[in-house]
Amino acid sequence: MGVMRGRVGISPSFQSREQGQRHLHSESRTAASVLIIEDEPEIRRVLRTTLTQHGYHPHEASTGQEGLAQAAARNPDLILLYLGLPDVDGLEVIRKMRKWATIPMIVLSARGQEAVKVAALDAGADDYVTKPFGIDELLARIRVVLRHAARRPDSTGKEPVLTIGALRVDLEQRHVRLSGKEVRLTPIEYKLLAVLIRHAGKVLTYRQLLKEVWGPLHAHEAHYVRVYMQHLRNKLEANPAHPRYLTTELGVGYRLKTE
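Residues numbered from 1 in each chain as written. Predicted model: local features only at pLDDT ≥ 70, side-chain atom pairs only at ≥ 80, totals over all residues. Heavy atoms only, no water.

Caption draft 1: A look at the sheet that holds strand β11 (residues 181-182). With antiparallel pairing, the four strands of this open sheet are ordered in space as β8-β9-β10-β11. With partners counted over all chains shown, the strands left at the sheet margins are β8 (161-164) and β11, one partner each. Of the strand pairs in this sheet, strand β9 (residues 167-170) and strand β10 (residues 175-178) are connected by four bridges, and their pairing is antiparallel. For Arg 168, the partnering residue across the bridge sits in β10 and is Arg 177. The strands that helix α7 (residues 187-198) touches are β8, β9 and β10; relative to β9, the one it contacts most, it runs at about 95°. (Pairing = 2+ DSSP bridges. Helix = DSSP H or I, 4+ residues; strand = E, 2+ residues; numbered from the N terminus. Contact = heavy atoms within 4.5 Å. Axes fitted to C-alpha atoms, helices over the stretch in contact; angles between N-to-C directions.)

Caption draft 2: Geometry of the nonpolar core. Core analysis: the largest hydrophobic core is formed by 31 residues, its most contacted members being Val 176, Leu 193, Leu 196, Leu 209, Leu 236, Leu 246 and Leu 256. Elements with a minimum of two residues in this core: β8, β9, α7, α8 (206-213), α9 (222-236) and β14 (253-256). Sort the elements by how many residues they give to this core and α7 lands first, with seven residues. Among residues more than four places away in sequence, those in contact with Leu 236 are Leu 167, Val 176, Leu 178, Val 183, Leu 193, Tyr 245 and Leu 246. Membership of the second largest hydrophobic core comes to 26 residues, among which are Leu 68, Val 88, Val 107 and Ala 120. (Core = buried A, V, L, I, M, F, W, Y, C linked by side-chain atoms within 4.5 Å. Buried < 20%, exposed > 50% of the residue type's maximum accessible area, 1.4 Å probe, protein only.)

Caption draft 3: Layout of the packing of aromatic side chains. The final tally for this structure, using the stated rule, is three aromatic pairs. Between Trp 214 and Tyr 224, the ring centres sit 5.7 Å apart and the planes meet at 50°, which makes this aromatic pair tilted. Here Trp 214 is found in the loop between α8 and α9, whereas its partner Tyr 224 is found in helix α9, with 10 residues between them in sequence. The buried category is assigned to Trp 214, whose relative accessible area is 18%. Tyr 224 sits in the partly exposed class, given a relative accessible area of 27%. Among the aromatic side chains, those forming a connected cluster through ring pairs are Trp 214, Tyr 224 and Tyr 228. Stacked on the ring of Tyr 82, the Lys or Arg Lys 131 has its end atom at 3.8 Å from the ring centre. (Phe/Tyr/Trp six-rings, centres within 6.5 Å; stacked < 30°, edge-to-face > 60°. Lys NZ or Arg CZ within 6 Å of the ring centre and 35° of its normal.)

Caption draft 4: Spotlight on the pattern of salt bridges. On inspection of all chains with the given rule, the structure shows 13 salt bridges. Note that Lys 131 is salt-bridged to Glu 38, the shortest N-O span being 2.9 Å. Placement of Lys 131 in the loop between β7 (127-130) and α6 (135-150) and of Glu 38 in the loop between β3 (33-37) and α2 (41-53) is noted, with a sequence separation of 93 residues between them. Comparing Lys 131 with Glu 38 shows no difference in burial state: the two are buried. (Salt bridge = Lys/Arg side-chain N within 4 Å of Asp/Glu carboxyl O.)

Caption draft 5: Quick peek at the confidence of the model for the chain. Looking at the chain, the pLDDT average stands at 84 and 84% of residues meet or exceed 70. Confidence drops under pLDDT 50 across residues 1-8; counting only partners more than four residues distant or on other chains, this segment forms 25 contacts. Every residue in residues 12-30 scores below 50 in pLDDT, and together they form 39 contacts with partners more than four places removed in sequence or on other chains. (pLDDT = per-residue confidence, 0-100.)

If you want it as structure tokens, here you go:
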């Protein structure tokens, strides 16, 4: 499904939408610039056409080195990065980029291994999409990552207020409410929830959560995260076995779902 010249590409639903969809969703109309770092010309073409149709300004690079140079020159709002580049491994591109830039980055990977996803996220990627993928999934991930970047603390240092369905969390006042009723959390539970909220919509690896909540000395104690995530689900989810807010990325980590 979606195989292009010997490697996984874009799903048929992506291509059919590219040919037939001309409606621009109001939420997607934006002047955001997107740098596509991908060595496959056909995939670049589809991405370029689709992004343009949805109001984005795409730019392209076919190698890792060209991508780094374009990122420095253009300072795009978002980067779509394929990991299997011909000259520099995509993970190395992420590491180099993160030494000087905080540009949001979504990894496009034909590699399904969980370890590769974890490595990309730990290196500094904001999210990942595994090929083949459809247009709706990719555009949704782009919107979430751009919204997350826009929510970064402003000059006043005010913490965000997040409302998703019946859940409302005010980090400034340290209030957590579910259907209007206050929810009491332990300090660790609250800290874990606060980290997820500050990165709402973004998948966080076990290592990232451990370092932010428990500190770098506990970076390998993944069971801490699992135990306290279950505590949070029991308090915040209507059905902890099928969470609405606190979702699992199997073998990778967790995501506070906003869509």
